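Secondary and tertiary structure notes
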Amino acid sequence: MSGANWQIVTNHSGMLGEGPVWDAANKRILWVDILEGKIHQFSTETFEHKVFSLNRMVGAIALRASGGLIAALENGFAKIDLEKGITELISDPEGSLQDNRFNDGKCDPAGRFLAGTMSVSNKPFAGSLYSIEPDLSVFMKVKDVTCSNGIAFSHDGLTLYYIDTPTRQVAAFDYNLESGNLSNKRIAIDIPELEGFPDGMTIDTEGMLWIAMWDGWKVSRYNPHTGKLLENFPLPVSKVTSCTFGGEKLNDLYITSARTGLSVEDLKTQPYAGCLFVIKNSGFKGIPAHKFNG
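Quick look at the structure, then.

What counts and how
- Residues numbered from 1 in each chain as written.
- Predicted model: local features only at pLDDT ≥ 70, side-chain atom pairs only at ≥ 80, totals over all residues.
- Heavy atoms only, no water.
- Helix = DSSP H or I, 4+ residues; strand = E, 2+ residues; numbered from the N terminus.
- Rg over C-alpha atoms; globule rule 2.2 N^0.38 Å.
- Contact = heavy atoms within 4.5 Å.
- Areas by Shrake-Rupley, 256 points an atom, 1.4 Å probe, with all protein chains shown as cover.
- Pairing = 2+ DSSP bridges.
- Axes fitted to C-alpha atoms, helices over the stretch in contact; angles between N-to-C directions.
- Buried < 20%, exposed > 50% of the residue type's maximum accessible area, 1.4 Å probe, protein only.
- 1 Å grid on protein atoms, 1.4 Å probe; cavity = no way out; pocket = protein on both sides within 12 Å on 5 of 7 lines; lining within 4 Å.
- Points joined across faces, edges and corners; volume = space filled by probe spheres on them.
- Nonpolar A, V, L, I, M, F, W, Y, C, P; charged D, E, K, R; others polar.
- Lys, Arg positive; Asp, Glu negative; His and termini not counted.
- Salt bridge = Lys/Arg side-chain N within 4 Å of Asp/Glu carboxyl O.
- Polar contact = N/O pair within 3.5 Å; in protein donor to acceptor, adjacent residues only side chain to side chain.

What follows covers the overall build of the chain. For the chain, the helix and strand inventory stands at one helix and 24 strands. Computed over its C-alpha atoms, the radius of gyration of the chain comes to 17 Å, within 12% of the 19 Å expected for a compact globule of 294 residues. Judged by the C-alpha coordinates and their principal axes, the chain covers about 45 × 45 × 40 Å. Counted over contacts in the chain with a minimum sequence separation of 6, partners at least 24 positions apart contribute 46%. Within the structure as shown, the chain displays about 12,300 Å² of accessible surface, and the carbon and sulfur contribution to it stands at 49%.

Structure follows, in structure tokens:
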């Protein structure tokens, strides 16, 4: 099924699709279903859809330079080998916080993996943003976060863009690639209430941010230097969760969505809620996904 510019990648409808990652070496798109605890993979060559079940919530994944994945699970960081079906837990910086789980995450250009947490019961300011180094040491980077979400890095790696969803803002930090330290927080983008809540995001070759809008029915392209909305890409679902560029030329935009929280009536008008979408030949290009060096 397709719309004006979107297509459905598979017929699978998940509860809370998130965190799409393009795996160029294997020509496949990966994404997670947080609530179902599953990692999905779809080959753009064979059109085969595979599912790896973790039996625990999974907030985010990223590619490892040495092969396999790094993941942020409900109970901490882990290495995952999809081919062998192996999950190796690394550490849980919030082991004492039983109400918290990890949410979105992404690697920086130096090979660290950043991922943040949130309260399952939506307790305000209960989460934090963490970084796991290639030597597997873990550091807290931002505290008092309500719903840690989208992460993107400027092309030179010197600016981190970060979303705490309820703020309806994209914050920018100066980023030290050598140490991973953050400083000079400022607000790059304010999202008007009518646009929805900012969720996951990615960056294109022009340095513009693409932000998935939860309860917004779209992905929006913003200029982080001016804060201005440049373009909207409408979708047939309200809960748009994240996006990334993929395909051989990195010009296909893959978009995840959710159906959690939707009523029976909502689902009648949003039959594709929870599906993975793609906008082929979007007219824009992304950059290759950074990989974890541990």
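This brings us to the sheet that holds strand S19 (residues 209-214). Taken in spatial order, the four strands make up an open sheet running S18-S19-S20-S21, and their pairing is antiparallel. Edge positions in the open sheet fall to strand S18 (197-203) and strand S21 (229-234), since each of these has one partner strand only. Between one strand and the next, the sheet's axes are offset by a mean angle of 25°, whatever the strand orientation.

You will see that Lys27, though not glycine, has its phi angle at about 50°, which is positive. Assignment of secondary structure puts Lys27 in the loop between strand S2 (17-23) and strand S3 (28-33). Judged by its relative accessible area of 36%, Lys27 is partly exposed. The phi angle at Phe47 is positive, at roughly 65°, despite the residue not being glycine. Structurally, Phe47 can be placed in the loop between strand S4 (38-43) and strand S5 (49-53). When its relative accessible area of 59% is taken as the criterion, Phe47 is described as exposed.

This brings us to the layout of surface pockets. Of the volumes computed, that of the largest pocket is approximately 520 Å³. Taken together, 20 residues form the lining of the largest pocket, with Arg101, Met118, Asn122, Cys147 and Trp214 sitting closest to its centre. When contributions to the lining of the largest pocket are tallied by element, the ones reaching two or more residues are strand S10 (100-107), strand S11 (113-119) and S18. Of the residues assigned to the lining of the largest pocket, the class counts are ten nonpolar, seven polar and three charged. Each pocket or cavity is described by its volume, and for the second largest pocket that value is around 220 Å³. Considering the residues around the second largest pocket, the lining is formed by 13 residues, among which Trp22, Thr44, Gly247, Glu248 and Lys249 are closest to the centre. Class assignment of the residues belonging to the lining of the second largest pocket gives a composition of three nonpolar, four polar and six charged.

Glancing now at the side chain of Asp199. Tracing the backbone through its elements, the reader meets Asp199 in strand S18. Of the buried charged residues, Asp199 lacks a salt bridge, with Arg101 as the closest side chain of opposite charge at 8.7 Å. In this structure the side chain of Asp199 is engaged in a polar contact, spanning 3.2 Å, whose partner is the side chain of Asn149. Apart from the residues lying within four places of it in its own chain, the contact partners of Asp199 are Glu18, Asn149, Gly150, Ile163, Thr165, Ile211, Ala212, Trp214, Val240 and Thr241.

Here four strands make up an open sheet; going across it, the order is S6-S7-S8-S9 and the pairing antiparallel. Single-partner strands in this sheet number two, and they are strand S6 (58-63) and strand S9 (86-91). Averaged over neighbouring strand pairs, the angle between their axes works out to 25° when direction is ignored. Two elements, strand S8 (residues 76-81) and S9, share five bridges in a ladder whose sense is antiparallel. The partner of Phe77 across the bridge, within S9, is Ser91.

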